[in-house]
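Structural description and commentary
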Amino acid sequence: TITLPNGEVVWDLNGEWDSLKENYGEWIGAGTFSDVIKITQQGSSFVGIQMKGTTWMGPGTEAVRGELDKSGFKKVTIMTYGGGPLDSNGKISDDGNKMVFDHPGKIRLTLTRK
């Protein structure tokens, strides 16, 4: 965890995460992809960049961005190739080592700390 200037304590997400991007529902035909995502966090805001890249999005492409608060995720956006940025739900495990972001009916992004 890290403590923000306002005293709020949030998860420290910095580092490399194994990722699994699963397209489902309307987007099931787009497939499932794995990658490594490097997250850089400044205060409560974070950005995740794809390190290897996938069929649809190359290395160095932004995969996810968001904002944390003391209860977890305040805002999460999954970046996609054809559908643009998608506002999504986010959950983090109790130990802070697994995150699941979901835009219902289209895409789910699971990140596990390396």
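What comes next is a walk through the structure. (Residues numbered from 1 in each chain as written. Predicted model: local features only at pLDDT ≥ 70, side-chain atom pairs only at ≥ 80, totals over all residues. Heavy atoms only, no water.)

Check the secondary structure of the chain and you find 0 helices and 10 strands. Ordered by position from the N terminus, the helices and strands of the chain form the series β-β-β-β-β-β-β-β-β-β. Within the span of the chain, comprising 114 residues, buried residues form 38% of the whole. Looking at the chain alone, contacts between residues at least 24 apart form 39% of all its contacts between residues at least 6 apart. Carbon together with sulfur atoms contributes 50% to the accessible area of the chain, which is approximately 6,200 Å² in total. In the chain, 13 positive and 14 negative side-chain charges are present, and the distance between their average locations comes to 2 Å. (Helix = DSSP H or I, 4+ residues; strand = E, 2+ residues; numbered from the N terminus. Buried < 20%, exposed > 50% of the residue type's maximum accessible area, 1.4 Å probe, protein only. Contact = heavy atoms within 4.5 Å. Areas by Shrake-Rupley, 256 points an atom, 1.4 Å probe, with all protein chains shown as cover. Lys, Arg positive; Asp, Glu negative; His and termini not counted. Charge placed at Lys NZ, Arg CZ, Asp CG, Glu CD.)

Direction of pairing for strand β3 (residues 15–23) relative to strand β10 (residues 107–113): antiparallel, over a ladder of 7 bridges. Looking at β10, one finds that Asn 23 is bridged to Ile 107. Bridging between strand β9 (residues 98–103) and β10 involves 6 bridges; their strand directions are antiparallel. Bridge pairing links Lys 98 to Thr 112 in β10. If you look at the hairpin formed by β9 and β10, you'll find 3 residues sitting between the two strands, and Gly 105 has a positive phi there, around 85°. (Pairing = 2+ DSSP bridges.)

Here we come to the sheet that holds strand β7 (residues 72–78). Ordered in space as β3-β4-β5-β6-β7-β8-β9-β10, the 8 strands form a closed barrel in which the pairing is antiparallel. Averaged over all pairs of adjacent strands, the angle between strand axes in this sheet comes to 30°, irrespective of strand direction. The sheet contact formed by strand β8 (residues 86–92) and β9 spans 4 bridges and is antiparallel. Opposite Lys 91, over in β9, you have Val 100 as the bridge partner. (Axes fitted to C-alpha atoms, helices over the stretch in contact; angles between N-to-C directions.)

Where a protein is soluble and globular, its nonpolar side chains tend to be buried together. Membership of the largest hydrophobic core comes to 20 residues, with the highest contact counts inside it found for Leu 13, Ile 39, Phe 46, Phe 73, Met 99, Phe 101 and Leu 111. Only β4 (32–42), β6 (62–69), β7, β8, β9 and β10 provide two or more residues apiece to this core. If sequence neighbours within four positions are ignored, Ile 39 has contacts with Leu 13, Asn 14, Gly 15, Trp 17, Phe 46, Val 47, Gly 48, Met 99 and Leu 111. (Core = buried A, V, L, I, M, F, W, Y, C linked by side-chain atoms within 4.5 Å.)

With that out of the way, let us pick up the layout of surface pockets. Space inside the largest pocket adds up to approximately 190 Å³. The wall of the largest pocket is formed by 15 residues, among which Asn 23, Ala 30, Trp 56, Thr 80 and Tyr 81 lie closest to the centre. When the residues that make up the lining of the largest pocket are grouped by side-chain class, the tally is 8 nonpolar, 6 polar and 1 charged. (1 Å grid on protein atoms, 1.4 Å probe; cavity = no way out; pocket = protein on both sides within 12 Å on 5 of 7 lines; lining within 4 Å. Points joined across faces, edges and corners; volume = space filled by probe spheres on them. Nonpolar A, V, L, I, M, F, W, Y, C, P; charged D, E, K, R; others polar.)

This part covers the packing of aromatic side chains. Working definition: an aromatic ring pair is given by the centre-to-centre distance plus the angle between the planes. Across all of its chains, the model carries 4 aromatic pairs by this definition. Relative to Phe 101, the ring of Phe 73 lies with its centre 5.1 Å away and its plane at 75°, an arrangement referred to as edge-to-face. Of the two residues, Phe 73 sits in strand β7 while Phe 101 sits in strand β9, which places them 28 residues apart along the sequence. For the residue pair Phe 73 and Phe 101, the accessibility class agrees, reading buried in each case. (Phe/Tyr/Trp six-rings, centres within 6.5 Å; stacked < 30°, edge-to-face > 60°.)

This part covers empty space enclosed by the protein. Enumeration over the complete set of coordinates arrives at 1 cavity of 30 Å³ or more. One number sums up the size of the largest cavity: a volume of about 40 Å³. Surrounding the largest cavity, Ser 19, Lys 21, Phe 33, Asp 35, Ile 37, Gln 50, Thr 54 and Leu 109 form its lining. Elements supplying a minimum of two residues to the lining of the largest cavity: β3 and β4. The leading source of residues in the lining of the largest cavity is β4, at 3 residues. Looking at the lining of the largest cavity, its residues break down into 3 nonpolar, 3 polar and 2 charged.

Geometric descriptors of this kind do not, in isolation, establish any biological role.
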